[in-house]
Amino acid sequence: KLSAEKQQLRAQRRQQYSYFLGSLGFVLLLLGVAVALYYRKKQSLAKTAAQALLIEQKLWRAQMNPHFIFNSLNSIKRLYVEGRTEKANNFLSDFSCLLRQILERSNQATIPIEQEVDFLRLYLELEKRRLGDKLSYSIHFDSADFSFDDTIPSLLLQPLVENSIWHGILKTERQGQIEVRLSREDDCVRCLVEDNGIGYYASQQEKSIGHQSKGLTLVRERLGEHGHLLIRELTDNLGHASGTQVELTIPQL
Amino acid sequence: MKSAITIAIVDDEADARFLLRQELEKQFSHQIALIAEAESVQSAKRLLKTQSIDLLFLDIQLADGTGFNLLESLPEVGFSVVFVTAYSDFALRAFDFFAFAYLVKPFKQKDLIRVVNQFLDKRQPSHSSSIKLLSESIANCQITQVVVADLEGFRIVPVADIIYLKSDGNYTLFQLQDEQKIICSKTLKEYDLGLETAGFFRTHRSYLVNLTHVRSFTRQDGGTVEMSNGHTVPIGRRRLGAFREKFLG
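Just so you know, these numbers come straight off a predicted model, no measurement behind them. (Residues numbered from 1 in each chain as written. Chains lettered and ligands numbered in written order. Predicted model: local features only at pLDDT ≥ 70, side-chain atom pairs only at ≥ 80, totals over all residues. Heavy atoms only, no water.)

Here we look at the interface of chain B and chain A
1) Next: In this complex, chain B contributes 22 residues to the contact, which on the side of chain A involves 19 residues.
2) Next: Surface buried jointly by chain B and chain A totals about 2000 Å² across both partners, of which 56% is contributed by carbon and sulfur atoms.
3) Next: Three residues, Leu19(B), Gln61(B) and Tyr87(B), lead the burial of chain B against chain A; their summed loss comes to 29% of the area buried on that side.
4) Next: Notably, a salt bridge pairs Asp15(B) with Arg78(A), separated by 3.1 Å at the nearest N-O pair.
5) Next: The interface formed by chain B and chain A contains six residue pairs in polar contact (both at pLDDT 80 or more).
6) Next: At the level of elements, α1 (14-28), β4 (61-62) and α6 (128-140) of chain B are the ones that each hand at least two residues to the side of chain B that touches chain A.
7) Next: Ranked by residues supplied to the side of chain B that touches chain A, first place goes to α1(B) with six residues. (Contact = heavy atoms within 4.5 Å. Buried area = accessible area lost by both parts, 1.4 Å probe. Salt bridge = Lys/Arg side-chain N within 4 Å of Asp/Glu carboxyl O. Polar contact = N/O pair within 3.5 Å; in protein donor to acceptor, adjacent residues only side chain to side chain. Helix = DSSP H or I, 4+ residues; strand = E, 2+ residues; numbered from the N terminus.)

What follows is the structure in structure tokens.
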């Protein structure tokens, strides 16, 4: 009888032991799955971060034509070589100011309109310094027409003006003119960029090496579904292309 | 003493022409007979019709076209070309790949001295066939053909025909389709960067494979790749991840 009880006890223990082992295994399994999930998540997070970085880099690359950067540096170099040090210093300071603004803004989604206009003016002034009589421009912007919290996507306008210069004006013999107009309407900001270059269709035909202008695609993406981008070919009395007009509608909340 | 050389500078940026002329005159005043300038494809064409030159500094991006438009419009390229560019990621690789001299703006004094001295040593005009290869590659942003020089001369090989490249000391073996082989006296490294843009992958210190010719991959023997001609190529342990990513994403 005693040995039977002992046997029962032993069987009970064995059962408890196997329960214990079973639940330990289960816990370990759960732990394993959790660790695996954690690493996978971490990996995918790293991938998303890398993608975000890539987009930011794309933005920065699309904003600034490398030819503009290096040709500006070349122009500054010439001023030094010729001993026009003060001019060179001013050029260098303004150029640094422009680069700094781009760096600061390429990770800001939107900025106040006035800041964007200041940036645009600085960019045009630098291009004007290189191109001289080949370029003249005017910006029509009255801050009184806008409310203080009107914003637009940062660095949105500069690529349009850059297109006007590099793909419109520099391709013609005539003196280039660029006009930028900003106005406030009920629920949006309207912006017109007009040039007297070779016209949109002709500029599309020109195949440029290296720097393909992905600018417009990016502008469209950043305007969102409620914004609009319209491109018009301007013509003279004879029906010849006389420039390009780009119209942006930027919704305001 | 050799005769003095004539030079032309074709660039649409006045500042760039000024700086180049100024530095050339400073460094090589005794060797240079004349420096002519042009600012566009059209004006350069007119210039080269009347003026024979030995050395051309050519900007790639001009207002009315590209430097290649100019070269292609000439019946014959009787001079040596140094390409000049402010920026072009791919073009620089292509210049290196096809062994063309180039300068980036703003250029370094020592780079200018180097390219001019290289020219003065040889005084050979550029080959129009390799200019054509270069211009096609840059237009497509991809290298599609390779010039392979061997002891007897050179061959132009379409990239698609190359199965893999194997390094052999200072030589490189080209394994082509139909069991053809070429050995040339350039190192594998000189082909690496350019051919990467054409879909090649460095699997190993001594191997550069054409990914379109990969047939299978196995982990056996530390990882080997079987190519379309049945040859097997080793793959380095640290290249495994990047290699799998090319196929499996």
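Details of α1(B)
1) Next: The terminal C-alpha atoms of α1(B) lie 21 Å apart, and with 15 residues this matches the ideal 21 Å at 1.5 Å per residue to within 8%.
2) Next: The set of residues buried in α1(B) consists of Asp15(B), Ala16(B), Arg17(B), Leu19(B), Leu20(B), Glu23(B), Leu24(B) and Phe28(B).
3) Next: On its buried side, α1(B) packs onto α2 (66-81) of chain A together with β1 (5-10), β2 (32-38), β3 (55-59), β7 (101-104) and α5 (109-122) of chain B. (Expected span 1.5 Å × (residues − 1). Buried < 20%, exposed > 50% of the residue type's maximum accessible area, 1.4 Å probe, protein only.)

Section: the environment of Asp118(A)
Residue and element names in this part refer to chain A.
1) Next: Its place among the elements puts aspartate 118 in helix α4 (residues 113-131).
2) Next: A relative accessible area of 42% places aspartate 118 in the partly exposed class.
3) Next: Placed 23 residues apart in sequence, aspartate 118 and phenylalanine 95 show a C-alpha to C-alpha distance of 14 Å.

Quick look at the sheet that holds strand β13 (residues 200-204) of chain B
Residue and element names in this part refer to chain B.
1) Next: Spatially, five strands are ordered β12-β11-β10-β14-β13 in an open sheet, and the strand pairing comes out antiparallel. Each edge of the sheet is formed by a strand with only one pairing partner; in this case those strands are β12 (181-184) and β13. Looking at each pair of strands side by side, their axes are set apart by 20° on average, direction ignored.
2) Next: Relative to strand β11 (residues 171-176), strand β10 (residues 162-168) runs antiparallel, the two sharing six bridges. Across the sheet, residue isoleucine 162 finds its bridge partner in β11, namely leucine 176. (Pairing = 2+ DSSP bridges. Axes fitted to C-alpha atoms, helices over the stretch in contact; angles between N-to-C directions.)

Topic: the pairing of strand β9 (residues 154-158) of chain B
All names here are of chain B.
1) Next: Here strand β8 (residues 145-149) pairs with β9 via five bridges, running antiparallel. Among the inter-strand pairings, valine 146 is bridged to a residue of β9, identified as valine 157.
2) Next: What sits between β8 and β9 in their antiparallel hairpin is a turn of four residues.

Overview of the pattern of salt bridges
Residue and element names in this part refer to chain A.
1) Next: Enumeration according to the criterion identifies 21 salt bridges over all chains in this entry.
2) Next: A salt bridge links glutamate 82 to arginine 78, with the nearest nitrogen and oxygen atoms 3.2 Å apart.
3) Next: A relative accessible area of 19% places arginine 78 in the buried class.
4) Next: We note a salt bridge from aspartate 118 to arginine 121, for which the minimum N-O separation is 3.8 Å. Of the two residues, aspartate 118 and arginine 121 are both situated in helix α4; the distance of three residues between them amounts to about one turn of the helix.

Looking at the nonpolar core
Generally speaking, a soluble globular protein has its nonpolar side chains buried in company with each other.
1) Next: Counting 49 residues, the largest nonpolar core has Leu71(B), Phe83(B), Phe174(B) and Leu195(B) as the members making the most contacts within it.
2) Next: Element by element, the count of residues in this core is highest for helix α4 (residues 89-97) of chain B, at five residues.
3) Next: Those residues within four positions of Leu195(B) in sequence are excluded, and the remaining contacts are Phe97(B), Ile143(B), Val146(B), Val159(B), Leu165(B), Phe200(B) and Leu208(B).
4) Next: Formed by 45 residues, the second largest nonpolar core is a distinct cluster that contains Leu126(A), Ile169(A), Val193(A) and Leu223(A). (Core = buried A, V, L, I, M, F, W, Y, C linked by side-chain atoms within 4.5 Å.)

Quick notes on the packing of α2(A) against α1(B)
1) Next: Contact geometry of α2(A) with α1(B) gives a least axis separation of 9 Å together with a crossing angle of 50°. If you check the angle between α2(A) and α1(B), you find them oblique. The way α2(A) lies across α1(B) gives a crossing that is left-handed. The segment α2(A) lies against α1(B), with Asn74(A), Ser75(A), Lys77(A), Arg78(A) and Val81(A) engaging Ala14(B), Asp15(B), Ala16(B), Phe18(B), Leu19(B) and Gln22(B). (Parallel < 35°, antiparallel > 145°, perpendicular 65-115°, else oblique. Left-handed = near helix turned anticlockwise from the far one by under 90°.)

Some details on the packing of aromatic side chains
1) Next: Counted by the stated rule, this structure contains 17 aromatic pairs over all chains.
2) Next: With a centroid separation of 5.9 Å and an interplanar angle of 70°, the aromatic rings of Tyr200(A) and Tyr201(A) are classed as edge-to-face.
3) Next: When its relative accessible area of 56% is taken as the criterion, Tyr201(A) is described as exposed.
4) Next: Ring geometry for Phe83(B) against Phe95(B): centres 5.1 Å apart, planes inclined by 10°, an arrangement best described as stacked. Separated by 12 residues along the polypeptide, Phe83(B) in strand β6 (residues 80-85) and Phe95(B) in helix α4 bring together distant segments of the chain. Of the two residues, Phe83(B) and Phe95(B), neither departs from the other in class, the shared state being buried. (Phe/Tyr/Trp six-rings, centres within 6.5 Å; stacked < 30°, edge-to-face > 60°.)

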